[in-house]
Amino acid sequence: MEVAQPEAAAAAVENPPVEEPPTMKYTWTIPGFTRLNTRKHYSDVFVVGGQHQFNSRESDWGFTSFMPLSELYDPTRGYLVNDTVVIEAEVAVRKVLDYWSYDSKKETGFVGLKNQGATCYMNSLLQTLYHIPYFRKAVYHMPTTENDAPTASIPLALQNLQLDVKGCKDVYESFDKYVEVERLEGDNKYHAEGHDLQDAKKGVLFIEFPPVLQLQLKRFEYDFMRDTMVKINDRYEFPLELDLDRDNRKYLSPDADKSVRNLYTLHSVLVHSGGVHGGHYYAFTRPTLSDQWYKFDDERVTKEDVKRALEEQYGGEEELPQNNPGFNNPPFKFTKYSNAYMLVYIRESEKDKIICNVDEKDIAEHLRVRLKKEKEEKEEKRKYKAQAHLFTTIKVARDEDITEQIGNNKYFDLVDHEKVKSFRIQKQTPFQLFKEEVAKEFGVPVELQRFWIWAKRQNYTYRPNRPLLPHEELQTVELLREACNKTNNAELKLFLEIERGPEERPIPPPDKSSADILLFFKLYDPENAILRYVGRLMVKNSSKPMDIVGQLNQMAGYAPDEEIELFEEIKFEPCVMCEHLDKKTSFRLSQIEDGDIICFQKPLSIQENECPYPDVPSFLAYVQNREVVRFRSLEKPKEDEFTMELSKLHTYDDVVQRLAEKLGLDDPSKIRLTSHNCYSQQPKPQPIKYRGVDHLSDMLAHYNQTSDILYYEVLDIPLPELQGLKTLKVAFHHATKDEVVIHNIRLPKQSTVGDVINELKTKVELSHPDAELRLLEVFFHKIYKIFSSTERIENINDQYWTLRAEEIPEEEKNIGPSDRLVHVYHFTKEAGQNQAQVQNFGEPFFLVIHEGETLEEIKSRIQKKLHVPDEDFAKWKFASFSMGRPDYLQDTEVVYDGFQRKDVYGAWEQYLGLEHVDNAPKRAYAANQNRHAYEKPVRIYN
């Protein structure tokens, strides 16, 4: 087999893109091919388009698609010529980019920005703005004032223009649409003051364009058909050079300055990759407007070529390469979800001014000082981090820390170690030298210091466990930390025992034998619900609590013979355990040991039993379970109205009782509560039923999260009574008046639709006393159901569908056996990605169609029913719809034949469509913005 010399690569251009290195082509010529082993199979196609990046872990790779030798030998295929086959392969040596070791600054000269958690949008925008040097200068001298002229202010010159993507193939078509003239005529005439309604033309022209032009591409829009936001992934092209003076300056006002040449060059492309509910943002930028582009993707910066920055960000669809082209398989297309959403252009005539040099003199003096200080602090942090392995941290807690913390946002255990004095000590420092540091810090001589080691107990409390032994204090701090810290934590936590004599001067600590135990004491005041730390004592384990009552009274400031009750604080997770301590039982028999906490208080008298937390256990249980709840009115779900401190153990009755007292209500049962959805940040759809939960903690729970928000509403009747009723919101459409009246109908759940209609008749104004009503289910401008009068209301859902009540027209009451009742809907057509989409609007209605009746006859009845002026009605089009497809009708056509007979009402697929412009103002239903919109004036009654 002969191997030809590699062909020379194409001449390298200046600044070649890193991702596209030059390739080498190797050719293998295999003569006498048919004399080789005929069992071998070779590649399926003459030109193999497969690609693979070889590395140390993937050094072998091949093809999985083969073809029979009979096809290879077929002379018409051209694979074999003179019994010789030629195989070619292109090989490129690429630099392997390891994501984790990649250095953006080393590779590109630029640095990225760390993603702080969903900050990629901000990062990409900041990178784009930063690489506009003149903008950088302006930032250094901000803020601007309201008197700044746009022509002299870069912040004001960075205007943002929104352009449509849907229905436009490129930026120029978007600008064409932006300046398109709209004709105001018919129902949409312009109201000229003093001249009534007039035909008019409405449009926009630009007086001037800014030097830095930011174009926001409207990739996200609201889809009325689906009632949701959608992302527009259509292909949308944008040029490297944008000429806004094209076609005789058609985008500019005649008054625009003609001396300004509005030719722009592309500086940045901001990209969104993903869908409407999430995704990722990054930016392509060429900071100096050279041919070299850079991709700024959070921390990572890479060199890119112009194709990657432009063409690959147009969006649209892309074809996957075929694995077996010979089989004529149809190409597989997929939507590209990564596309440009913002473009930044810089005017050619001002690019030298905008892309300028920025040096230190451009930075204000106070900023230079600040930046220098930040740089020094950063360097200090770097050194601190680099030397961290040489140091250890020792945290020393004292009585003063416990006194300061207990009762002040801390009630359990003794101290928060994050708030005590911390020493950073070299690991090889002898502990005796550390004690000298402590002596300097606290003014306690070395010989008067006694240190205790903290230990985490099995019940998750953290207490001083034992004093350091003399031989331990001879070690280095690192050895001591390792010996005392079973969890190998980087910190050593100690308690410094200091005895105080006269005038609070330090004195030697008392001797400690195995019979001595160190106890800590907290005092509880039940009248004021206050807990505080009062000190510690070294006692004999054989002694009894009654032996130290006098000392405890002295600590508390009580009379020496004051009667007190004692409790042992045992644990607080997962629940509080605080038990009464028998004063006549020795500490040993009560299993009291070093580091234990004893709480004491005066016993309450009969008159004082009104205290909400009469003893230590009840107070600690309250502290452990208390919750500050933010209450909001259900009518204003975004606003905190007030807060209340409650307990998670409060029952349903406790919560509504306290809320009623806060609101000044006599009857708590008239309060209805609704929980908070932690994900949507809205009230949950269903309120809490009367006594439907046991405790406040259940009201605040949402899956694995806990909220601190509750919504309330005050009812006109007690909640238990209301829960036996069904409330329906019914929109009554008056037969002769052009208005909608909304009524809340409240009836027992076992009531029927007939009962609703009878109740409604007592509330509404009818066209005549004998008028009959019906109840319809309407959703997105279509009628889906006519309710039977016998249907029970308990199963009717008015949360998502509109319930519409109306009088039954006389023509429907007298409908003949051959007549047909059809649905009639208003519609308009909007341009979509592939075809026009039908958009329904307005009020749907029924119409009786007679046998043999033409469209012209029907149009006359529709115009009369809807009171449409002749001039407007002449523009209407009519179509019969089946399965969503319109079939436009002519005046002479018999409409009757196009509709099948239906013996039941329902969501018919067939309907008569009225196509015309939707000029009516929309008034959203106030109680539910997702509901049907009324075009008529709305009045609401409860």
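Residues numbered from 1 in each chain as written. Predicted model: local features only at pLDDT ≥ 70, side-chain atom pairs only at ≥ 80, totals over all residues. Heavy atoms only, no water.

Draft legend 1. Representation of the overall build of the protein chain in the model. Along the protein chain, the regular secondary structure elements total 22 helices and 54 strands. Sorting the 942 residues of the protein chain into buried and exposed places 40% on the buried side. Considering only contacts within the protein chain whose residues lie at least 6 apart along the sequence, 64% involve residues at least 24 apart. Approximately 54500 Å² of the protein chain is accessible, and the part contributed by carbon and sulfur atoms is 48%. (Helix = DSSP H or I, 4+ residues; strand = E, 2+ residues; numbered from the N terminus. Buried < 20%, exposed > 50% of the residue type's maximum accessible area, 1.4 Å probe, protein only. Contact = heavy atoms within 4.5 Å. Areas by Shrake-Rupley, 256 points an atom, 1.4 Å probe, with all protein chains shown as cover.)

Draft legend 2. Focus on the pairing of strand β33 (residues 597-601). By the criterion of burial, β33 is predominantly enclosed, with five of the five residues buried. Neither face of β33 is exposed, since Ile597, Cys599 and Gln601 on one face and Ile598 and Phe600 on the opposite face are all buried. Summarising the sheet, strand β31 (residues 565-571) and β33 pair through five bridges and their orientation is antiparallel. Bridge pairing in β33 links Glu565 to Gln601. (Pairing = 2+ DSSP bridges.)

Draft legend 3. Molecular detail of a positive patch on the surface. Together, Lys105, Lys114, Lys375, Lys378 and Lys385 line one region of the surface with positive charge. It is helix α10 (residues 365-386) that provides the largest number of residues to the positive patch, a total of three residues. Looking at the element boundaries, Lys114 is found in the loop between α2 (104-108) and α3 (120-130). (Patch = residues over 30% accessible without salt bridge, like charges linked within 9 Å, V, L, I, M, F, W, Y side chains within 5 Å. Salt bridge = Lys/Arg side-chain N within 4 Å of Asp/Glu carboxyl O. Lys, Arg positive; Asp, Glu negative; His and termini not counted. Charge placed at Lys NZ, Arg CZ, Asp CG, Glu CD.)

Draft legend 4. Representation of the pattern of salt bridges within the structure. One pass over the structure, following the stated rule, counts 55 salt bridges. The shortest N-O distance in the salt bridge between Lys218 and Asp164 comes to 2.9 Å. With Lys218 in strand β11 (residues 212-218) and Asp164 in strand β6 (residues 160-164), this residue pair connects regions lying 54 residues apart in the sequence. Overall, Lys218 belongs to the partly exposed group, its relative accessible area being 30%. With a shortest N-O distance of 2.8 Å, Glu499 and Arg536 are connected by a salt bridge.

Draft legend 5. Seen up close, the sheet that holds strand β23 (residues 421-426). One open sheet holds the five strands; their spatial order is β23-β22-β26-β24-β25, and the pairing between them is mixed. Taken across any chain shown, the strands that pair with only one partner, and hence form the sheet edges, are β23 and β25 (462-467). When strand polarity is set aside, the average angle formed by the axes of neighbouring strands in this sheet is 40°. Relative to strand β26 (residues 491-497), strand β24 (residues 450-456) runs antiparallel, the two sharing four bridges. Bridge pairing in β26 links Trp452 to Phe495. (Axes fitted to C-alpha atoms, helices over the stretch in contact; angles between N-to-C directions.)

Draft legend 6. Unusual backbone geometry, seen in detail. Residues Glu573 and Pro574 are joined by a peptide bond in cis, for which omega reads -5°. Even without being a glycine, Asn248 presents a positive backbone phi close to 60°. By the secondary structure assignment, Asn248 is in helix α7 (residues 246-249). Asn248 gets classed as exposed once you look at its relative accessible area, which sits at 74%.

Draft legend 7. View of a nonpolar patch on the surface. A surface patch of nonpolar side chains, amounting to about 240 Å² of accessible area, comprises Leu113, Met122 and Leu126. Checked against the element boundaries, Leu126 lands in helix α3.

Draft legend 8. Structural context of the environment of Cys678. For Cys678, the position within the fold is in the loop between β37 (676-677) and β38 (682-683). Accessibility expressed as a relative area gives 13% for Cys678, which makes it buried. Between the C-alpha atom of Cys678 and that of Leu700, which follows or precedes it by 22 residues, the distance is 9.6 Å. With residues near it in sequence (within four places) discarded, Cys678 still touches His702, Gln705, Thr706 and Ser707.

Draft legend 9. Just the nonpolar core, in detail. In this structure, Phe175, Leu215, Phe238 and Leu343 are the most contacted members of the largest nonpolar core, which totals 35 residues. Those elements that place two or more of their residues in this core are β6, α6 (171-178), β11, β15 (263-275), β16 (278-285) and β21 (338-347). In terms of residue count, the dominant contributor to this core is β15 (four residues). Not counting residues up to four positions away in its chain, the partners in contact with Phe175 are Leu161, Leu163, Phe206, Phe209, Leu215, Leu244 and Tyr251. Within the second largest apolar cluster, 26 residues are counted, among which are Leu414, Leu531, Phe619 and Tyr622. (Core = buried A, V, L, I, M, F, W, Y, C linked by side-chain atoms within 4.5 Å.)

Draft legend 10. Layout of the sheet that holds strand β35 (residues 642-647). Judged by pairing direction, the sheet is mixed, and its four strands sit side by side in the order β35-β34-β41-β36 without closing on themselves. Two strands close off the open sheet at either side, each with one partner strand: β35 and β36 (671-674). Averaged over neighbouring strand pairs, the angle between their axes works out to 40° when direction is ignored. As paired strands, strand β34 (residues 626-633) and β35 are joined by six bridges and run antiparallel to one another. For Arg626, the partnering residue across the bridge sits in β35 and is Ser647.

Draft legend 11. Seen up close, the side chain of Arg632. Within the fold, Arg632 resides in strand β34. Arg632 sits in the buried class, given a relative accessible area of 9%. There is a polar contact of 2.5 Å between the side chain of Arg632 and the side chain of Asp640. Beyond its immediate stretch of four places on either side in the chain, Arg632 contacts Pro637, Lys638, Glu639, Asp640, Glu641, Ile709, Leu710, Tyr711 and Tyr712. (Polar contact = N/O pair within 3.5 Å; in protein donor to acceptor, adjacent residues only side chain to side chain.)

Draft legend 12. A look at the packing of aromatic side chains. The tally for this structure, following the rule as stated, stands at 35 aromatic pairs. Consider the rings of Phe175 and Tyr251, whose centres lie 5.3 Å apart with planes at 40°: the pair is tilted. Taken together, the positions of Phe175 in helix α6 and Tyr251 in the loop between α7 and β15 put the pair 76 residues apart, joining distant regions of the chain. There is no split in this pair, since Phe175 and Tyr251 are both buried. A centroid spacing of 6.2 Å and a plane angle of 85° characterise the contact between Phe423 and Phe442, whose relative ring orientation is edge-to-face. Separated by 19 residues along the polypeptide, Phe423 in strand β23 and Phe442 in helix α12 (residues 431-442) bring together distant segments of the chain. The class for Phe423 is buried, based on a relative accessible area of 7%. Phe442 sits in the buried class, given a relative accessible area of 16%. In this structure an aromatic cluster arises from ring pairing among Phe175, Tyr178, Phe206, Phe209 and Tyr251. It is Lys421 that lies over the ring of Phe423; its NZ or CZ is 5.6 Å from the centre. (Phe/Tyr/Trp six-rings, centres within 6.5 Å; stacked < 30°, edge-to-face > 60°. Lys NZ or Arg CZ within 6 Å of the ring centre and 35° of its normal.)

Draft legend 13. Broad picture of the environment of Leu889. Here Leu889 shows up in the loop between β50 (885-888) and β51 (911-915). By relative accessible area, which is 14% here, Leu889 ends up buried. When the C-alpha atoms of Leu889 and Leu855 are compared, they prove to be 7.3 Å apart, with 34 residues separating the residues in sequence.

Draft legend 14. Seen up close, helix α14 (residues 549-556). Looking at α14, one finds that the buried residues are Val549, Leu552, Asn553 and Ala556. Viewed end-on, α14 has its buried residues packed into an arc of 100°, placing them on one side of the element. Phi turns positive one or two residues past the end of α14, at Gly557, with a value near 85°. (Arc of directions from axis to C-beta.)

Draft legend 15. Local environment of the confidence of the model for the protein chain. For the protein chain, the mean per-residue pLDDT works out to 81, and 82% of the residues sit at or above 70. The low-confidence segment residues 1-19 (pLDDT under 50) makes 26 contacts with residues lying over four places distant or belonging to another chain. Throughout residues 922-935 the model reports pLDDT below 50, and contacts reaching past four residues in sequence, or to other chains, amount to 43 contacts. (pLDDT = per-residue confidence, 0-100.)

Draft legend 16. A look at the environment of Leu129. Mapping Leu129 onto the fold places it in helix α3. For the pair Leu129 and Ser268, spaced 139 residues apart in sequence, the C-alpha separation works out to 9.2 Å.

Draft legend 17. Summary view of the side chain of Glu568. Within the fold, Glu568 resides in strand β31. No salt bridge is formed by the buried Glu568. Its closest oppositely charged neighbour is Arg457, at 5.7 Å. Among residues more than four places away in sequence, those in contact with Glu568 are Met577, Cys578, Glu579, Leu581, Ser590, Ile592, Asp596 and Ile597.

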